[in-house]
Amino acid sequence: MTGDTLSITAVSVSDGGQYQCEGQRAGSLLSSHRSDPVSLSVSGNRPKPNLSLSRASVFTGDSVTLRCEVEGGSAAGWRYYCYRDSQSKTTLVSPTESSTGALRSSYTIDPVSLSHSGLYWCVAGRGDAPYYTQYSVAVTLTVSGE
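Residues numbered from 1 in each chain as written. Predicted model: local features only at pLDDT ≥ 70, side-chain atom pairs only at ≥ 80, totals over all residues. Heavy atoms only, no water.

Participant: Just checking my understanding: could you explain the overall build of the protein for this structure?
Facilitator: Counting its regular elements, the protein contains zero helices and 12 strands. For the protein, the succession of helices and strands along the chain, N to C, is β-β-β-β-β-β-β-β-β-β-β-β. Within the span of the protein, comprising 146 residues, buried residues form 25% of the whole. Within the protein, contacts between residues at least 6 apart in sequence are counted, and of these 59% link residues at least 24 apart. When the accessible surface of the protein is totalled, it reaches about 9,800 Å², and 49% of it is carbon and sulfur. (Helix = DSSP H or I, 4+ residues; strand = E, 2+ residues; numbered from the N terminus. Buried < 20%, exposed > 50% of the residue type's maximum accessible area, 1.4 Å probe, protein only. Contact = heavy atoms within 4.5 Å. Areas by Shrake-Rupley, 256 points an atom, 1.4 Å probe, with all protein chains shown as cover.)

Participant: Which parts of the structure should I look at to understand the pairing of strand S5 (residues 64-70)?
Facilitator: Strand residues, when the strand is regular, have side chains that alternate between the two faces of the sheet. By the criterion of burial, S5 is predominantly enclosed, with five of the seven residues buried. Strand direction decides the pairing type here: strand S3 (residues 50-53) and S5, joined by four bridges, are antiparallel. Directly across from Asn 50, in S5, lies its bridge partner Glu 69. (Pairing = 2+ DSSP bridges.)

Participant: Whenever I open this one, the state of the cysteines confuses me. Can you help?
Facilitator: Defined simply, a disulfide is a covalent bond joining two cysteines at their sulfur atoms. Under the definition given, this model contains one disulfide. At a sulfur-sulfur separation of 2.1 Å, the disulfide partner of Cys 68 is Cys 122. One quick way to see it: the torsion about the S-S bond of Cys 68 and Cys 122 is about 75°, and its sign makes the bridge right-handed. Separated by 54 residues along the polypeptide, Cys 68 in strand S5 and Cys 122 in strand S10 (residues 118-126) bring together distant segments of the chain. Here Cys 122 falls in the buried class, since its relative accessible area comes to 0%. Free cysteine: Cys 82, not disulfide-bonded; nearest cysteine sulfur from Cys 122 at 6.3 Å. (Disulfide = S-S within 2.5 Å.)

Participant: Explain the environment of Leu 114 to me, please; I cannot follow it from the model alone.
Facilitator: Mapped onto the elements, Leu 114 comes out in the loop between strand S9 (103-109) and S10. The spacing of Leu 114 and Gly 61 is 53 residues in sequence and 9.3 Å in space, taken between C-alpha atoms. When neighbours within four sequence positions are excluded, Leu 114 is seen to be in contact with Thr 60, Val 143, Ser 144 and Gly 145.

Participant: Would you take a moment to explain the nonpolar core for this structure?
Facilitator: Across soluble globular proteins, nonpolar side chains have a tendency to be buried as a group. Ranked by size, the top nonpolar core spans 17 residues in total, and within it Leu 51, Val 64, Leu 66, Tyr 120 and Leu 141 carry the most contacts. When residues of this core are traced back to their parent elements, those giving at least two are S3, S5, strand S6 (79-84), S10 and strand S12 (139-144). In terms of residue count, the dominant contributor to this core is S5 (four residues). (Core = buried A, V, L, I, M, F, W, Y, C linked by side-chain atoms within 4.5 Å.)

Participant: Sorry if this is basic, but what is going on with the environment of Gln 18 here?
Facilitator: Looking at the element boundaries, Gln 18 is found in strand S1 (residues 17-19). For Gln 18, a relative accessible area of 54% corresponds to the exposed category. Sequence-distant contacts of Gln 18, defined by excluding residues within four places in its chain, comprise Pro 37, Val 38 and Ser 39. A polar side-chain atom of Gln 18 sits 2.5 Å from a polar atom in the side chain of Ser 39. (Polar contact = N/O pair within 3.5 Å; in protein donor to acceptor, adjacent residues only side chain to side chain.)

If you want it as structure tokens, here you go:
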């Protein structure tokens, strides 16, 4: 620990618990009072989002909406990312809470072109050094010419 920051790399469930700090002047045996404790809660499993398409098969010129959804938790700080064929990444709009309590974010492609065909999946992350969910199961968008 250096200064007033404790960094834990590769956090595990065993790192959860109560943490306190106290100060000690260099060369002195006297310490300050301990701070009030703070709790760190570490979950064992990262959530897995669900990606859905408003329609899996469309024609050029149509529109389609991709919706990425994570169950439970707070919407604060989450950013959703949607990928296609491992080449392009799109940041989805800020998440909203659905009537079931799930967090979701959507992205509409309008108009759809043949180049939008492919596999899509999503992931969510939050924080400055992002904590990411698992990747969703991939979904296929099929675009046909008119």
